[in-house]
Amino acid sequence: MLENINKRDKILLAAFVLFFIYLLSNQFSELNKLQSETTDFGTIFNASIALNNGIDPYHATGNAYFYPPVLAMLFGVLTFLPIAWASFLFFCLKIFLVVFALKVCFQLVGGNRFTDSRKTLFIFGLVFIAARFWESDLQYGNTNSLIMALVILAIAWDSKDWWLLSGIALALATSIKILPVLLVIHFVFNRRWKTVAAFSIALLILNLLPFVWSYDSWLNAWQSYIDAGVVTKLNTRLSQPDNQSLWGLINRSFPTAALSNLQFIWLSCSALLLGSAGWLSHKTRNSSSTVTIAVASLYPLLGLLISPGSWVVHYTAVLLPMAVLWSILLSKDWQGSVPWTLFGVTNIIFTASGWSRFTVNAAINYSLFVFAVIILFSCIFWWANPLNSKRA
């Protein structure tokens, strides 16, 4: 079988196998941490046990659990297993979803149209562009790889007019973490009414059905989430260098300013970004599928920027946008040296800066991830803009 594979693809396959072994070794590190300290997976696991026993999951974890209650409810299936086995099963699920998301990304951006060296280069870039971020997510037991896959599937299934599956995927992602709801803006401006309806109904079912069998504990959990996961975060300065969101950047830039002033700046920037993306979705609603996918890929980036807290593990969201820009440039859909320069800057920040302690610290300390997302957003926005005369 391997005799039919050329040398270039054999090297690529070997790199994938080695990287999988590396990820597997990281998972054993996670299993060791579960026995000795609190991990992200351990926090979600304990919150799920608390919720399913009628206890406030936020109080039970000292507000270390900050997701909506639905995630704790869904995790209930895993709590029947020992925590180490549950963590390993969750790791395997996320590995599958990462591989599946990579395949879907390849199909969404038309990777099959490349041949020989361009195709190999595209596949290599597709995998390793965002590898630093989902490697961290897999290691620490977060949910961001799961959310990334659900959002990408929502975009892919909508593009195939599988509106029911698309709506359910987006509703599940939104129920786990609120920010994927931003993609609904794109669907609304694209007049994807069936997808929006499926999303709305699935969202209501997921979040309201538990009231039927556990009204008091579910209501208490939602009240705690609003207090701890929303109000507290929006009224906290979250200025840690690791917070690579606009809110973190604004707080670090103006450390002595009044919180209300910073909130006004953050809300204004968020409204400007969302308004710009909505305008572009509206203007390109009758465009080719390539343009529509490119515009849809902006919304995960918006989630990174306007979230009160975006840490390195959240940057799994750059996978589809980087794949979009990578495919645009390799297919020569955008002429000129400036796009290549901008792409080079973002690619260096997202990949090279993530693979050593020195470079990742430099990227964090100087908020380079934030600026890279802004550059990436601007590149795709400019290319997809119908007023852009340089788009082929």
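Our structure is the block above this text.
First things first, this report covers the structure right here in the doc. This is a predicted model, so every value here is computed, not measured.

Helix and strand counts for the protein stand at 21 helices and 0 strands. Per-residue burial over the protein gives 52% buried out of 392 residues. When contacts within the protein are restricted to residue pairs at least 6 apart in sequence, long-range pairs at least 24 apart make up 71% of them. Accessible area for the protein stands at about 17900 Å²; split by element, carbon and sulfur atoms hold 67% of it.

Before going further, it helps to examine the pattern of salt bridges. For side chains bearing opposite charge, pairing can occur when the charged atoms are close. As enumerated under the stated definition, the model contains 2 salt bridges in all. Among the salt bridges present, the one from aspartate 158 reaches arginine 192, with a minimum N-O distance of 3.0 Å. A residue pair is termed long-range when its members are at least 10 positions apart, and aspartate 158 in helix H8 (residues 144-159) and arginine 192 in the loop between helix H10 (183-189) and helix H11 (193-208) qualify at 34 residues. Note that aspartate 161 and arginine 192 form a salt bridge whose closest N and O atoms lie 2.8 Å from each other. Taken as a pair, aspartate 161 in the loop between H8 and helix H9 (163-176) and arginine 192 in the loop between H10 and H11 lie far apart in primary sequence, 31 residues in all. Residue classification places aspartate 161 among the partly exposed positions, given a relative accessible area of 46%. Under the relative-accessibility criterion, arginine 192 is labelled partly exposed at 24%. In the salt-bridge network here, residues are joined through shared partners; they are Asp158, Asp161 and Arg192.

A complete count under the given rule lists 2 cavities of 30 Å³ or more for this structure. Estimates place the volume of the largest cavity at around 320 Å³. Lining the largest cavity are 23 residues, and of these Ile147, Val151, Pro180, Pro300 and Ala317 lie nearest its centre. Those elements giving two or more residues to the lining of the largest cavity turn out to be H8, helix H17 (298-306) and helix H18 (319-330). Here the lining of the largest cavity gets 5 residues from one element, more than from any other, and that element is H8. Considering only residue class, the lining of the largest cavity consists of 15 nonpolar, 7 polar and 1 charged. Counted as a void, the second largest cavity has a volume near 60 Å³. Together, Leu108, Val109, Arg113, Thr290, Ile293, Ala294, Val324, Ser327 and Ile328 line the second largest cavity. Looking at the lining of the second largest cavity, the elements that each hand over two or more residues are helix H16 (289-296) and H18. A class-by-class count of the residues in the lining of the second largest cavity yields 6 nonpolar, 2 polar and 1 charged.

Among the secondary structure elements, serine 175 is positioned in helix H9. Residues serine 175 and isoleucine 147, 28 residues apart in the sequence, show an inter-C-alpha distance of 10.0 Å. If we ignore the near neighbours within four places in the chain, the residues touching serine 175 are Pro68, Val70, Leu71, Leu203, Leu206 and Asn207. Separated by 2.8 Å, the side chain of serine 175 and the backbone oxygen of alanine 171 make a polar contact.

Moving on to unusual backbone geometry. Even without glycine at this site, asparagine 63 takes up a positive phi of about 65°. Following the sequence through the fold, asparagine 63 ends up in the loop between helix H3 (57-60) and helix H4 (69-74). Positive phi outside glycine occurs at leucine 238, with the angle close to 25°. Checked against the element boundaries, leucine 238 lands in the loop between helix H13 (215-234) and helix H14 (246-253). Its relative accessible area of 11% is what places leucine 238 among the buried residues.

Turning our attention to the layout of surface pockets. The volume enclosed by the second largest pocket comes to roughly 450 Å³. Here the lining of the second largest pocket gets 5 residues from one element, more than from any other, and that element is H13. Among the residues forming the lining of the second largest pocket, the class breakdown is 14 nonpolar, 4 polar and 2 charged.

What follows deals with helix H5 (residues 83-108). Over its 26 residues, H5 extends 36 Å from the first C-alpha to the last, a length consistent with the 38 Å expected when each residue adds 1.5 Å. Just downstream of H5, glycine 110 is the residue with a positive phi angle, here 70°.

Turning to the packing of aromatic side chains, a few remarks are in order. Summed over the entire model, instances satisfying the criterion amount to 16 aromatic pairs. When the ring of tyrosine 58 is compared with that of tyrosine 65, the centres are 5.2 Å apart and the planes differ by 45°; the resulting orientation is tilted. With centroids separated by 5.3 Å and ring planes inclined at 15°, the aromatic side chains of phenylalanine 66 and tyrosine 67 adopt a geometry described as stacked. Taken together, the ring pairs in this structure connect Tyr58, Tyr65, Phe66, Tyr67, Trp222 and Tyr225 into an aromatic cluster.

Let us look at the side chain of asparagine 207. When you line up the elements, asparagine 207 lands in helix H11. Taking the relative accessible area as the measure of exposure, asparagine 207 reaches 11% and is therefore buried. A distance of 3.1 Å separates a polar atom in the side chain of asparagine 207 from a polar atom in the side chain of serine 175.

Between helix H15 (residues 259-283) and H17, the shortest axis-to-axis distance is 10 Å and the interhelical angle comes to 175°. It follows that H15 is roughly antiparallel to H17 by the angle criterion. Between H15 and H17, the residues in contact are Trp266, Ser270, Leu273, Leu274, Ala277, Gly278, Leu280 and Ser281 and Leu298, Tyr299, Leu302, Leu305 and Ile306, respectively. Looking at the contact of H15 with H17, its residues break down into 10 nonpolar, 3 polar and no charged.

Thresholds applied
- Residues numbered from 1 in each chain as written.
- Predicted model: local features only at pLDDT ≥ 70, side-chain atom pairs only at ≥ 80, totals over all residues.
- Heavy atoms only, no water.
- Helix = DSSP H or I, 4+ residues; strand = E, 2+ residues; numbered from the N terminus.
- Buried < 20%, exposed > 50% of the residue type's maximum accessible area, 1.4 Å probe, protein only.
- Contact = heavy atoms within 4.5 Å.
- Areas by Shrake-Rupley, 256 points an atom, 1.4 Å probe, with all protein chains shown as cover.
- Salt bridge = Lys/Arg side-chain N within 4 Å of Asp/Glu carboxyl O.
- 1 Å grid on protein atoms, 1.4 Å probe; cavity = no way out; pocket = protein on both sides within 12 Å on 5 of 7 lines; lining within 4 Å.
- Points joined across faces, edges and corners; volume = space filled by probe spheres on them.
- Nonpolar A, V, L, I, M, F, W, Y, C, P; charged D, E, K, R; others polar.
- Polar contact = N/O pair within 3.5 Å; in protein donor to acceptor, adjacent residues only side chain to side chain.
- Expected span 1.5 Å × (residues − 1).
- Phe/Tyr/Trp six-rings, centres within 6.5 Å; stacked < 30°, edge-to-face > 60°.
- Axes fitted to C-alpha atoms, helices over the stretch in contact; angles between N-to-C directions.
- Parallel < 35°, antiparallel > 145°, perpendicular 65-115°, else oblique.

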